[in-house]
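Summary of structural features
Each chain, letter by letter, is given below.
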Amino acid sequence: MSTNDKLIFIMIDGLRFDTAVDNMGYLHHLVEKGQASRFKVISEVPSMSRPLYEVLLTGTPPYQNGITSNQIVRGSKEESIFHLTSENGLKNATASYHWVSELYHSAPFNPMTDRIKLDGNGAIQNGMFYWEDHYPDTHLFADANYMKTSIDPDFLYIHSMNVDDDGHKYTADSAGYRNRVIAVDVMLASILPDWIEEGYQIIISADHGMNKDGQHGGTTKEDREVPLFVISSKLEAGIYEQEVPQLQIAPLLCKLLNIQPSPAMQELTIPGLTEGL
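Not measured: the values here are computed from a predicted model. (Residues numbered from 1 in each chain as written. Predicted model: local features only at pLDDT ≥ 70, side-chain atom pairs only at ≥ 80, totals over all residues. Heavy atoms only, no water.)

1. So, the packing of helix α8 (residues 137–151) against helix α10 (residues 175–197)
Where α8 meets α10, the closest approach of the two axes is 11 Å, and the angle between their N-to-C directions is 15 degrees. When the axis of α8 is compared with that of α10, the two are roughly parallel. Here α8 runs over α10; the crossing is right-handed. Residues Asp-137, Thr-138, Phe-141, Asn-145 and Lys-148 of α8 lie in contact with α10, whose contacting residues are Val-184, Met-187, Leu-188, Ile-191 and Trp-195. (Axes fitted to C-alpha atoms, helices over the stretch in contact; angles between N-to-C directions. Helix = DSSP H or I, 4+ residues; strand = E, 2+ residues; numbered from the N terminus. Parallel < 35°, antiparallel > 145°, perpendicular 65-115°, else oblique. Left-handed = near helix turned anticlockwise from the far one by under 90°. Contact = heavy atoms within 4.5 Å.)

Next comes the structure, spelled out in structure tokens:
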């Protein structure tokens, strides 16, 4: 695989679209200078975490995949991006919340045995997992950089939780929530330049938003509207006004990785793509 097919997907749990637009200065610097594109994504419902992890990574809706609430603790029955990369001879790795391990590695999660997986086998070939929502994003991105450096994956999935955690603690209409979004943007400003220089494509998005009650799960724009930033030569830079269904994320990942999507995924219709498979 050429370096420009390698992909890092950063999923910032609980990041609202409008909060990202107002507070993520570094990412918008990249957009303004023609280095990145920005879209508004409309999440599937219910706008809850575990169902939307499955949506993002398999491209299938909850009624089909059966992951319809956070209380369903079992492995996925769908073909995820982890499965597809493994089947196509690519290396994958992740630094993620433990629900990702439960969906694509082993359920239920056992912190004593499932925290670190580095054997290169299975759908998730290499993973480092945390299980407390306040696990610092600073530590998470250090975990992710270790995986990138030591594994040299073709696909690296990074799942950040502190924005969601502070949204639940303080609500979306709070300094705590907005300041946490700024803190993530500052971390990205410290990390992404090196990753971009190394030739990685980068996607940044979210599962769901956050409302004024410090919750999510419903159908409002506060619950469902999330950002999508793409840094890739395969997609023209700029701000796109066309709203993107969240089911488009998984086939977009396949497109950028230069692999065929699963039969269950939608046909890719995101505008601005510059290359065919």
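2. Overview of helix α3 (residues 49–58)
α3 sits mainly inside the fold: ten of its ten residues count as buried. The positive-phi residue at the C-terminal boundary of α3 is Gly-59, with phi of around 70 degrees. (Buried < 20%, exposed > 50% of the residue type's maximum accessible area, 1.4 Å probe, protein only.)

3. As for the side chain of Asn-70
Structurally, Asn-70 can be placed in the loop between α4 (62–65) and α5 (81–87). Here Ser-49 takes part through its backbone nitrogen, which lies 3.3 Å from a polar atom of the side chain of Asn-70. In this structure Asn-70 touches Met-48, Ser-49, Arg-50, Pro-51 and Trp-99, once residues within four positions along its chain are discounted. (Polar contact = N/O pair within 3.5 Å; in protein donor to acceptor, adjacent residues only side chain to side chain.)

4. A look at helix α2 (residues 25–32)
If you check which residues of α2 are buried, you get Tyr-26, Leu-27, His-28, Leu-30 and Val-31. As for α2, its buried residues are in contact with α1 (17–23), β2 (37–42), α10, β7 (201–205), β8 (225–231) and β9 (238–239). Just beyond α2, the residue with positive phi is Gly-34, at close to 75 degrees.

5. Some details on the pattern of salt bridges
One pass over the structure, following the stated rule, counts ten salt bridges. In this structure, Asp-119 and Lys-117 form a salt bridge, with 2.6 Å as the shortest nitrogen-oxygen distance. Here Glu-198 makes a salt bridge to Lys-148, at a shortest N to O gap of 2.7 Å. Of this pair, Glu-198 sits in the loop between α10 and β7 while Lys-148 sits in helix α8, and the two are 50 residues apart along the sequence. According to the relative accessible area criterion, Glu-198 is partly exposed, its value standing at 38%. Among the residues examined, Lys-148 registers a relative accessible area of 8% and is labelled buried. (Salt bridge = Lys/Arg side-chain N within 4 Å of Asp/Glu carboxyl O.)

6. A closer look at the packing of aromatic side chains
Inspection of the entire model under this criterion finds eleven aromatic pairs. Taken together, the ring pairs connect Phe-9, Phe-82, Tyr-104, Phe-155 and Tyr-157 into an aromatic cluster. Across the ring face of Trp-99, the terminal group of Arg-50 is positioned such that the distance to the ring centre comes to 4.2 Å. (Phe/Tyr/Trp six-rings, centres within 6.5 Å; stacked < 30°, edge-to-face > 60°. Lys NZ or Arg CZ within 6 Å of the ring centre and 35° of its normal.)

7. Concerning the packing of α3 against helix α12 (residues 249–257)
Packing of α3 against α12 leaves a shortest axis separation of 5 Å and a crossing angle of 35 degrees. Counting all contacts with α3, which are made through Val-55, Leu-56, Leu-57 and Thr-58, the residues of α12 involved are Ile-249, Ala-250 and Leu-253. Across the contact of α3 with α12, the residue classes break down as six nonpolar, one polar and no charged. (Nonpolar A, V, L, I, M, F, W, Y, C, P; charged D, E, K, R; others polar.)

8. Considering the environment of Tyr-177
Considering the arrangement of structural elements, one finds Tyr-177 in helix α10. Given a relative accessible area of 0%, Tyr-177 falls into the buried group. Along the sequence, Tyr-177 and Ile-116 sit 61 residues apart, while their C-alpha atoms lie 30 Å from each other. Once you skip the residues sitting within four places of it in the chain, Tyr-177 turns out to touch Gly-14, Leu-15, Arg-16, Thr-19, Val-163, Asp-166, Gly-167, Tyr-170, Thr-171, Ala-172 and Met-210. Polar contacts involving the side chain of Tyr-177 include one to the main-chain carbonyl oxygen of Gly-14, which spans 2.6 Å.

9. As for the pairing of β8
The side chains of a regular strand alternate between both faces of the sheet. Burial of β8 is extensive: seven of the seven residues sit out of reach of the surface. Residue alternation in β8 divides its side chains into two sets, Glu-225, Pro-227, Phe-229 and Ile-231 and Val-226, Leu-228 and Val-230, and both sets are buried. Pairing of β2 with β8 involves six bridges; the strand directions are antiparallel. Across the sheet, Val-41 pairs through a bridge with Val-226, a residue of β8. Where β7 lies against β8, four bridges are found, and the strand directions are antiparallel. Looking across to β8, one finds that Ile-203 is bridged to Val-230. (Pairing = 2+ DSSP bridges.)

10. Describing the nonpolar core
Within the largest apolar cluster, 82 residues are counted, with the highest numbers of intra-cluster contacts made by Ile-10, Ile-81, Leu-188 and Leu-192. Counting residues per element, this core draws most heavily on α10, which supplies eight residues. Ignoring anything within four residues of it in the chain, the contact list for Ile-81 reads Leu-57, Phe-155, Ala-250, Leu-253, Cys-254, Leu-257 and Met-265. (Core = buried A, V, L, I, M, F, W, Y, C linked by side-chain atoms within 4.5 Å.)

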